[in-house]
Amino acid sequence: ESNRSSVSFDETGGRLLGLNPGIPFPDAGEGLEIIWNHLARFRGTFVQRRDVEASIFPDHRLLFRSELEVAFPTYRRNPEGQRDDVLLYYTSFLLEPSSRAGGGFLLVDFVNRSDQPRLAWGYDSNRQRVQRLPHTQHDSAASLAENLRLVTDADMFNGAPDQYEWTNHGLTEIYIPYNNFDLIHAELDELLTPYHLNPEFVRWERHRVWKLEGEMKADQRHGYGRRVAYVDADSWGIALVENYDSDDRLWRVGVAHMMPFYDLPTTFTVADVIHDLDQKAYNVRGLLNEDGPGRYDLNIPDDGYFQPARLRQRATR
């Protein structure tokens, strides 16, 4: 079933209507269509993996190892043509360091961003309780990132697209990170150098990208007043992003180091990097170097699997 004739968005741009499995707007031309293609692109069905997040400063670094599960219900065909309104379920369970291990996190993002903002819960292993996290929105500082990225920086951009007016500046060709097979086999001590990932392990290619510019709407509030995103024309994933503060000063730069996963098939990020230019530091998420790529093609569990009541049980298993 094609999305070409069935998908549209509401007047705010924050809700997709008639979404089926697949890219929402295969003939995208408007900026809002392209950013929705990024948000709803295929990244697997149900993902289970372990990875490392690191914050690298000029004189020190911090590393965390987590177990992640992500489900994309829009790629689950439901009986009688019913469509899921959940865009994704995301859970993470902190494994290392041992001093902070045991916590869990659950996030739910919806296709209808206009009326249903994201939901989030955390499990505190010290207090042994699950609590709602009302402030895990797009403008919040990301946990574990040492104030180097916002929640909205994950996957270069996530969250509510209707906070910005998106302008498509057309197709162009630039060098972006691509086919980064060497990166995932590098030793972390060699890869995580000060100021940026070790260039010996990263690869760039000239690719066609859509250049998008997002200007924050007058009635919205966000740490980034303007964003410029370069979207890979083949995978619809954002490869590079420039984030400007409220004074239109370049503050943070995002780099998504991609590689193909031939067995799915899809192209996805294996190192999600945000460079903070003020602190001369960077945060990198999604490093698969220690545990391998994990699984991306598992069957999606029923919705009861991703409930707050299950979070404590799964975090302490």
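The rules behind these values
- Residues numbered from 1 in each chain as written.
- Predicted model: local features only at pLDDT ≥ 70, side-chain atom pairs only at ≥ 80, totals over all residues.
- Heavy atoms only, no water.
- Phe/Tyr/Trp six-rings, centres within 6.5 Å; stacked < 30°, edge-to-face > 60°.
- Helix = DSSP H or I, 4+ residues; strand = E, 2+ residues; numbered from the N terminus.
- Buried < 20%, exposed > 50% of the residue type's maximum accessible area, 1.4 Å probe, protein only.
- Lys NZ or Arg CZ within 6 Å of the ring centre and 35° of its normal.
- Arc of directions from axis to C-beta.
- Contact = heavy atoms within 4.5 Å.
- pLDDT = per-residue confidence, 0-100.
- Pairing = 2+ DSSP bridges.
- Polar contact = N/O pair within 3.5 Å; in protein donor to acceptor, adjacent residues only side chain to side chain.
- Salt bridge = Lys/Arg side-chain N within 4 Å of Asp/Glu carboxyl O.

Trainee: Hey, could you go over the packing of aromatic side chains for me, with residue numbers and the actual values?
Mentor: Across all of its chains, the model carries 12 aromatic pairs by this definition. Arranged with centres 5.5 Å apart and planes meeting at 70°, the rings of Phe-9 and Phe-25 form a pair that is edge-to-face. Taken together, the residues span a long stretch of sequence, with Phe-9 in strand E1 (residues 8-9) and Phe-25 in the loop between strand E2 (16-17) and helix H1 (31-40) at a distance of 16 residues. With relative accessibility at 8%, the residue Phe-25 sits in the buried group. Relative to Trp-166, the ring of Tyr-164 has its centre 5.6 Å away and its plane inclined at 50°; by these criteria the two rings are tilted. Take Tyr-164 and Trp-166: they sit in the same class, and that class is buried. Three or more aromatic residues joined by ring pairs form one cluster here, namely Phe-46, Tyr-89, Tyr-305 and Phe-306. The residue whose ring lies beneath Arg-132 is Trp-121, and the NZ or CZ to ring-centre distance is 5.7 Å. The ring centre of Trp-251 lies 4.1 Å from the NZ or CZ of Arg-252, which sits over that ring.

Trainee: Got a sec to walk through helix H3 (residues 308-315)? Specific residues and values, please.
Mentor: Looking only at H3, the buried set comprises Leu-311, Arg-314 and Ala-315. All buried residues of H3 lie within an arc of 90° about the axis, which places them on one face of the element. Away from its buried face by more than 90 degrees, H3 exposes Ala-309 and Gln-313. Tucked inside the fold, the buried residues of H3 contact strand E4 (61-71), strand E5 (86-96), strand E6 (104-110), strand E7 (119-124) and strand E8 (129-132).

Trainee: Before we move on, could you go through the confidence of the model for the chain and cite the residues and values that matter?
Mentor: For the chain, the average pLDDT comes to 90, and 95% of its residues sit at 70 or higher. Within the chain, the lowest mean pLDDT, 83, falls on E2, and the highest, 98, falls on strand E12 (residues 238-244).

Trainee: Go over the pairing of E6, please, and point to the residues and values.
Mentor: With 7 of 7 residues buried, E6 is to be regarded as a mostly interior element. Side chains of E6 alternate between two faces, with Gly-104, Leu-106, Val-108 and Phe-110 and Phe-105, Leu-107 and Asp-109 buried alike. Where E5 lies against E6, 7 bridges are found, and the strand directions are antiparallel. Looking at the pairing, Leu-88 lines up with Asp-109 of E6.

Trainee: Could you give an account of the environment of Glu-215, with specific residues and numbers?
Mentor: Within the fold, Glu-215 resides in strand E10 (residues 204-216). Residue class for Glu-215 comes out partly exposed when judged on its relative accessible area of 39%. With 13 residues separating them along the chain, Glu-215 and Val-228 place their C-alpha atoms 8.9 Å apart.

Trainee: Tell me about the side chain of Arg-118, and name the residues and values.
Mentor: Here Arg-118 shows up in the loop between E6 and E7. For Arg-118, a relative accessible area of 4% corresponds to the buried category. Within the structure, the side chain of Arg-118 is placed 2.6 Å from the side chain of Asn-158, a separation counted as a polar contact.

Trainee: Talk me through unusual backbone geometry; I want residue IDs and the actual numbers.
Mentor: Pro-97 follows Glu-96 through a cis peptide bond whose omega is 5°. When you line up the elements, Pro-97 lands in the loop between E5 and E6. Across the junction of Leu-264 and Pro-265, the peptide omega takes the value -5°, indicating a cis bond. Following the sequence through the fold, Pro-265 ends up in the loop between strand E13 (250-261) and strand E14 (266-276). Phi is positive for Gln-128, which is not a glycine, with a value near 55°.

Trainee: Break down the pattern of salt bridges for me, with residues and values.
Mentor: With the rule as written, the count across this model stands at 21 salt bridges. Salt-bridge contacts for Arg-206 lead to Glu-173; the nearest nitrogen and oxygen are separated by 3.0 Å. Of this pair, Arg-206 sits in strand E10 while Glu-173 is found in strand E9 (residues 164-177), placing the two residues 33 residues apart along the sequence. Owing to a relative accessible area of 53%, Arg-206 belongs among the exposed residues under this scheme. Between Arg-295 and Asp-297 there is a salt bridge, with the nearest N and O atoms lying 3.0 Å from each other. Relative accessible area serves as the criterion here: at 45%, Arg-295 is assigned to the partly exposed category. Within this structure, Arg-41, Arg-43 and Asp-155 form a network of salt bridges that share partners.

Trainee: Requested: an account of H1, with residues and values cited.
Mentor: Most of H1 is tucked away: 10 of the 10 residues are buried. Of all the positions in H1, only Gly-31, Leu-32, Glu-33, Ile-34, Ile-35, Trp-36, Asn-37, His-38, Leu-39 and Ala-40 are classed as buried.

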